[in-house]
Amino acid sequence: FMPDPFRGPPHRMYLTGDLARWRTLADGQVVMEFLGRTDLQVKLRGFRIELGEIETCLHRLGGVSDCAVVVRDESDEPQLIAYVVPAPGVNVDPRALREELRSHLPEVMVPNHVVLLPALPHTPNGKLDRSRLPPPHQRAHQQVVTAPASELERDVLLAWNQVLGTDDIGVDDNFFDVGGHSLLV
C-alpha cells in the first residue's frame, strides 16, 4: 500500500504490479489502458506465477551459473521455458534439473523445457534481453528418440505428436516432461 496521490492522506492505494496509463480517446472518453506488468508475474492455466521465484530456485541448484524463465506459446499452448547457463566445467542434465525443481516447486511452476545456453543474451546496456532467447526447438531432454516397437506404441506416439505439435517424441518419454499437461490429456 502507498499514499493515494489522487485523494491524499489518509487514503491509501494498493500496488497491484500492473502497469497502466490514462488515455483520452478521440470522442473525449477517458480510459485506462493496460500496458503489462512491472514485475515478472504471469498467469498460466489459471495460476499466477512469479517467474523470479523459479529463477531463484534454479540459481540455488548446483551447476547453474545463470538462468532466465519465460512463457512462450509452443504448439498453441503457453509453456514455461527455462534457459540455463551451466557453471564452468559442470555438465548439467536438463531432466535432472526439472526433477530437482519438482522437489522445491509446485508442478505448475516446473518449466516444460530446460534449454542449455553458453550465455544469456543481453542488451547493449547489460540487461537480459528476453526477446532474443531462442525457441526450444531442440529436444529439451537431449536424448535419443526410441522408436515404437509395436502398433500400440506407434498409435500413442502419433497422438502425442499431434497434440504436442512435435515429431521427436520417443517411447521412453514422459508426456508431461515433453510439454504435456492435464488440459491436453
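All figures in this text were calculated on a predicted structure; none of them were measured in a lab. Numbering of residues starts from 1 in each chain and follows the order in which that chain's sequence is written. Thresholds applied to this predicted model are a pLDDT of at least 70 for local features of residues and 80 or more for the giving and counting of side-chain atom pairs; totals over whole chains, interfaces and linings are not thresholded and use all residues. To get the side-chain values, take all heavy atoms of the structure and skip hydrogens and water.

Note that Leu44 resides in strand β5 (residues 41-44). With 34 residues separating them along the chain, Leu44 and Pro78 place their C-alpha atoms 7.1 Å apart. Not counting residues within four places of it along the chain, the set of residues in contact with Leu44 comprises Ile49, Val71, Pro78, Gln79, Leu80 and Val108. Helix numbering and strand numbering both begin at the N terminus, where a helix is a DSSP run of H or I of at least 4 residues and a strand a DSSP run of E of at least 2. In this description, contact between two residues means that some pair of their heavy atoms is separated by no more than 4.5 Å.

With that settled, consider the pattern of salt bridges. Any Lys or Arg side-chain nitrogen located within 4 Å of an Asp or Glu carboxyl oxygen qualifies as a salt bridge. Taken as a whole and assessed by the stated rule, the structure comprises seven salt bridges. The salt bridge involving Arg102 is made with Glu99; its shortest N-O contact spans 2.6 Å. Note that Arg102 and Glu99 are positioned in helix α2 (residues 94-102) at a spacing of three residues, about one turn of the helix. Note on Arg102: relative accessible area 24%, which makes it partly exposed. Residue burial is assigned from relative accessible area. The probe radius is 1.4 Å, only protein chains are included, and a residue is buried under 20% of its type maximum, exposed over 50%, and partly exposed in between. Judged by relative accessible area, which is 45%, Glu99 ranks as partly exposed.

With that out of the way, let us pick up the layout of surface pockets. Its volume calculated, the largest pocket comes out at about 370 Å³. Cavity and pocket criteria rest on a 1 Å grid covering protein atoms alone: a 1.4 Å probe that fits but cannot get out defines a cavity, protein on both sides within 12 Å along at least 5 of 7 lines defines an open pocket, and an atom within 4 Å of a point defines a lining residue. What lines the largest pocket is a set of 15 residues, among which Phe6, Met13, Asp18, Ala20 and Met32 lie closest to the centre. Those elements that place two or more of their residues in the lining of the largest pocket are β3 (18-24) and β4 (30-37). Sort the elements by how many residues they give to the lining of the largest pocket and β3 lands first, with five residues. Grid points are joined across faces, edges and corners, and a volume is the space filled by probe spheres set on the points.

The sheet contact formed by β5 and strand β6 (residues 47-50) spans four bridges and is antiparallel. Bridged to Val42 within β6 is Ile49. Two strands are counted as paired when DSSP detects at least two bridges linking them. Linking β5 back to β6 in an antiparallel pair, the connection comprises two residues, with Arg45 at a positive phi of about 50°.

To define a nonpolar core, start from buried Ala, Val, Leu, Ile, Met, Phe, Trp, Tyr and Cys residues and group those joined through side-chain atoms within 4.5 Å. Within the largest apolar cluster, 21 residues are counted, with the highest numbers of intra-cluster contacts made by Ile49, Ile54 and Leu58. For this core, the elements supplying multiple residues, two or more each, are α1 (51-60), β7 (64-74), β8 (77-86) and α2. No other element matches the four residues that α1 contributes to this core. Beyond its immediate sequence surroundings of up to four residues, Ile49 is in contact with Leu40, Gln41, Val42, Leu44, Ile54, Leu80, Val108 and Met109. Tyr83, Val115, Leu117 and Leu120 belong to the second largest nonpolar core, which has nine residues in total.

Let us now look at helix α3 (residues 151-164). Given the number of residues in a helix, its expected span is that number minus one, multiplied by 1.5 Å. Taking 1.5 Å per residue as the helical rise, α3 with its 14 residues ought to reach 20 Å, and the 20 Å between its terminal C-alpha atoms agrees with that figure. For α3, the set of buried residues is Leu157, Asn161 and Leu164. The buried residues of α3 occupy one face: seen down the axis, they fall within an arc of 80°. What points out from α3, more than 90 degrees from its buried face, is the exposed set Glu151, Leu152 and Gln162. Gly165 sits one or two positions beyond α3 and adopts a positive phi of about 65°. Of all possible arcs, the one meant is that of the directions from the helix axis to the C-beta atoms.

Before going further, it helps to examine the confidence of the model for the protein. Scored from 0 to 100, pLDDT records how confident the predictor is in each individual residue. Of the residues in the protein, 90% have a pLDDT of 70 or more, and the chain-wide mean is 84. Per-element mean pLDDT across the protein ranges from 80 in β5 up to 92 in α1. Low confidence marks residues 138-142, where pLDDT is under 50. Its contacts with residues over four positions away, or in another chain, come to 14 contacts.

With an omega of 5°, the peptide bond running from Pro9 to Pro10 counts as cis. Examined against the element boundaries, Pro10 turns out to sit in the loop between β1 (2-3) and β2 (12-13).

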